[in-house]
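Remarks on the overall topology
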Amino acid sequence: MHHARRQHDLQSMLSPHRLDGLLITHLPNVRYLSGFTGSSATLLITENKTVFFTDGRYATQARSEVQGSRVVVGRKAPIATAAEWLVKNCSKLHKARVRIGVEGDHLTIATRTRLQNTLSSEFLLPEAPALIERARMIKDAAEIELIRRAVQLAASLFDRILETVRPGATEAEVAAELEYAARKAGADEMSFPTIIASGERSSLPHGRASQAHIPSRGFVVCDFGVILAGYCSDTTRTVHVGQPTAEARKLYDAVREAQQAAIEAVKPGIKVADVDRAARKRLQKQGLSKYFTHSTGHGVGLEIHEPPRMAAGQAELLRPGMVITIEPGVYIPGKWGVRIEDTILVTERGCEVLTPTSKELITV
Ligand code: ZN
Ligand code: ZN
């Protein structure tokens with residue numbers, strides 16, 4: 001990974017944004033820029049310096065993982081150590097005020113108040129624009145390879161789901177078997193709490209695996225992902241227990257066609273809102289769009305949900321190197337639901353579906 005280059009790119013963006021520095025506390029951003037995988041860290045980037053702060057628990061790990069930055073190990077929380085370092089080293093940068101950007105989405109009000117108290121009024125702490133999130137939207141070749149491997153590992157685990165989804169088994173049992181197999185196959189952890197939603201519960205878009213027993217007939221929505229070397233995968237397949245009725249098959253086909261229509265819309269230069277519209281339009285024809293209650297997808301990388309958001313009203317343009325999900329669903333409350341989700345790489349010419357798992361309606 002090119003951590004030093006990422007830091008350098010960010011440094012060149014500070015001055016155009018009227019910032020003397022950036023204090024990075026969101027751990028996926030810290031990892032992206034420095035390579036550190038632990039849970040206690042703050043990274044300070046100024047125009048000519050990068051300093052990484054952690055506490056004593058991570059001294060050894062930080063020294064072996066952190067790239068392109070000086071490592072400072074403090075006795076306090078990393079952000080408090082960073083504040084003291086700033087006072088010592090960055091006061092009077094030949095200007096009246098030193099502007100250090102903070103990540104508004106990831107800093108509590110209490111932490112910001114403490115920070116301001118340590119720093120005195122000489123320092124201003126404006127909310128920084130999402131510069132790192134924007135950079136992270138475009139994956140480099142090494143990141144794409146890691147995501148590809150995470151998606152493939154998840155695909156190999158889908159067989160485990162097919163073996164365990166049976167009438168009478170609990171949703172939690174299915175999730176447990178899947179997660180056990182994931183860990184044994186080398187996953188760092190799951191990308192998010194596994195969704196196994198059966199029977200009526202399939203109409204809950206985020207029906208976390210519960211103690212409910214899988215009924216003898218009906219859909220089971222299975223949404224799962226693994227993290228491999230820090231990168232997430234995200235896959236949904238909906239299977240059917242028992243023979244599906246003609247109505248169930250029709251619903252499944254409608255979602256599958258909507259998903260295909262959205263995939264076909266994915267290419268560089270297209271607005272993400274237009275991809276969302278492609279899925280919605282297809283469902284509208286069947287009178288189902290009112291049951292599609294979430295956005296069509298999201299970016300995937302170091303985080304399971306990251307920009308771009310594939311939703312109506314979003315003007316972001318697709319660019320090569322983006323990795324997104326396409327996951328339309330239809331949920332009829334109290335009855336049933338279907339979702340199909342693939343992870344997609346935007347390429348120079350169009351897109352590549354990374355998820356190799358079949359989308360035929362599988363009956364178990
Ligand atoms: Zn998902
Ligand atoms: Zn998703």
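So, a few notes on the structure that sits alongside this text.

**Considering the coordination of the zinc ion (ligand 1)**
Binding of the zinc ion (ligand 1) to the protein goes through Asp223 (OD), Asp223 (OD), Asp234 (OD) and Glu341 (OE), at separations of 2.0 to 2.5 Å. Metal-centred angles of 56 to 149° between the four donor atoms at the zinc ion (ligand 1) mark the site as irregular. Read in sequence order, the donor residues coordinating the zinc ion (ligand 1) give the pattern D-x10-D-x106-E. Between the two metals, the zinc ion (ligand 1) and the zinc ion (ligand 2), the spacing is 3.1 Å, and Asp234 donates to both. Note that Asp223 is positioned in strand β9 (residues 218–224) and Asp234 in the loop between β11 (231–232) and β12 (235–241), a separation of 11 residues in sequence. Since its relative accessible area comes to 3%, Asp223 is described here as buried.

**Describing the coordination of the zinc ion (ligand 2)**
Each pair of donors in an ideal octahedron of six around a metal sits at 90 or 180 degrees, and each pair in an ideal tetrahedron of four sits at 109.5 degrees. Bound to the zinc ion (ligand 2) are the protein donor atoms Asp234 (OD), His298 (NE2), Glu327 (OE) and Glu341 (OE), situated 2.1 to 2.2 Å from the metal. With four donor atoms in place around the zinc ion (ligand 2) and angles of 80 to 153° between them, the coordination shape is irregular. Motif for the zinc ion (ligand 2), donor spacing along one chain: D-x63-H-x28-E-x13-E. Glu327 sits in the buried class, given a relative accessible area of 8%.

**Notes on the pairing of strand β15 (residues 323–326)**
Burial along β15 is two-sided: the face carrying Val323 and Thr325 and the face carrying Ile324 and Ile326 are both buried. As paired strands, β15 and strand β18 (residues 342–346) are joined by four bridges and run antiparallel to one another. Residue pairing for β18: Ile324 is matched across the bridge by Ile344.

Conventions we followed
Residues numbered from 1 in each chain as written. Chains lettered and ligands numbered in written order. Predicted model: local features only at pLDDT ≥ 70, side-chain atom pairs only at ≥ 80, totals over all residues. Heavy atoms only, no water. Donors = N, O, S within 2.8 Å, 3.2 Å for Na, K, Ca; no water. Tetrahedral: all angles 85-135°; square planar, octahedral: opposite > 155°, others 65-115°. Helix = DSSP H or I, 4+ residues; strand = E, 2+ residues; numbered from the N terminus. Buried < 20%, exposed > 50% of the residue type's maximum accessible area, 1.4 Å probe, protein only. Pairing = 2+ DSSP bridges.

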